[in-house]
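Each chain, letter by letter, is given below.
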Amino acid sequence: MQQDEQKKQAAQAALAYVEGGIIGVGTGSTVNHFIDALATIKGRIDGAVSSSEVSSARLKGHGIPVYDLNAVGDLALYVDGADETNRQLQLIKGGGGALTREKIVAAASARFVCIADETKLVDVLGRFPLPVEVIPMARSLVARQLVQLGGTPVWREGFVTDNGNLILDVHHLSILEPAKLEQQINNLPGVVTVGIFALRPADVLILGTPQGPKTLKVE
Ligand code: 5RP
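Residues numbered from 1 in each chain as written. Predicted model: local features only at pLDDT ≥ 70, side-chain atom pairs only at ≥ 80, totals over all residues. Heavy atoms only, no water.

Trainee: I'd like to hear about the pairing of strand S2 (residues 47-50), residue by residue, with values.
Mentor: As a general feature of sheets, a regular strand has side chains that alternate between the two faces. Burial along S2 is two-sided: the face carrying Gly 47 and Val 49 and the face carrying Ala 48 and Ser 50 are both buried. Relative to S2, strand S1 (residues 22-25) runs parallel, the two sharing 4 bridges. Residue pairing for S2: Gly 24 is matched across the bridge by Val 49. Note that the unit made of S1, helix H2 (residues 29-39) and S2 has a crossover that is right-handed. (Buried < 20%, exposed > 50% of the residue type's maximum accessible area, 1.4 Å probe, protein only. Helix = DSSP H or I, 4+ residues; strand = E, 2+ residues; numbered from the N terminus. Pairing = 2+ DSSP bridges. Right-handed = clockwise from strand over helix to strand, strands pointing away.)

Here's what the structure looks like:
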């Protein structure tokens, strides 16, 4: 089965977690399938809080109201994709550059359902270059510190986040202690957000596979 079909399967399976109210919605090609699926049951929800301008536009295009997080408080459910996941449902995110708003909406949500195709499941995080959002004036400073941590940062040139910041993609990291590295990188002056989601991992992972969607949870 094609990778995109696996993403679509996972996205459609996530509808089972939608119980109404306002839904947290992430960013990416897998989430685009989720938004399209959500549109088929839009009468059962009140709207969405979105993690990016791109997702907001797609939600609105389907006639789903998009709310500011400040206006709605905590959410019951957040659905988002990932660039990598381990079996503890700790993630690397930010391939699409939306990591900061994704981390905010995940933090505001009681349940985080991650949707992905099976190529995203790894034993050790770090094969996918780790995105780090940085304040523009701190780009070189943060890059030097990321080298000290063993990585090879590459500036995602020409890309500006929805928050007006830059992204460094850090290659060659083998992330054996994701929560520790998340805290270390978060503490570097100039870092807005690191794309490790370990302190607040996903609660449920729906993986599209050739045999159909598989659900993983951390007990
Ligand atoms: C965007 C993200 C996405 O969730 C991640 O890049 C996965 O994307 P896709 O569903 O297209 O494979 O973190 O910032």
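Trainee: Could you give an account of the site of the ligand, with specific residues and numbers?
Mentor: Taken together, 17 residues lie near the ligand, and Ser 29, Thr 30, Asp 83, Gly 94 and Lys 120 sit nearest. Residue Lys 7 places a side-chain N or O atom 3.0 Å away from an oxygen atom belonging to the ligand. In the environment of the ligand, an oxygen atom lies 3.3 Å from a nitrogen or oxygen atom belonging to the backbone of Gly 81. Of the residues that constitute the shell around the ligand, the class distribution is 2 nonpolar, 9 polar and 6 charged. (Near = heavy atom within 4 Å. Polar contact = N/O pair within 3.5 Å; in protein donor to acceptor, adjacent residues only side chain to side chain. Nonpolar A, V, L, I, M, F, W, Y, C, P; charged D, E, K, R; others polar.)

Trainee: Any chance you could break down the environment of Lys 93 for me, citing the residues and the numbers?
Mentor: As for its position among the elements, Lys 93 is in the loop between strand S5 (91-92) and helix H5 (99-107). What makes Lys 93 buried here is its relative accessible area of 2%. As a C-alpha pair, Lys 93 and Gly 126 span 33 residues in sequence and 11 Å in three-dimensional space. The contact partners of Lys 93, leaving out residues within four places of it in the chain, are Asp 80, Gly 81, Ala 82, Asp 83, Leu 99, Glu 102, Phe 112, Pro 131, Gly 195 and Phe 197. (Contact = heavy atoms within 4.5 Å.)

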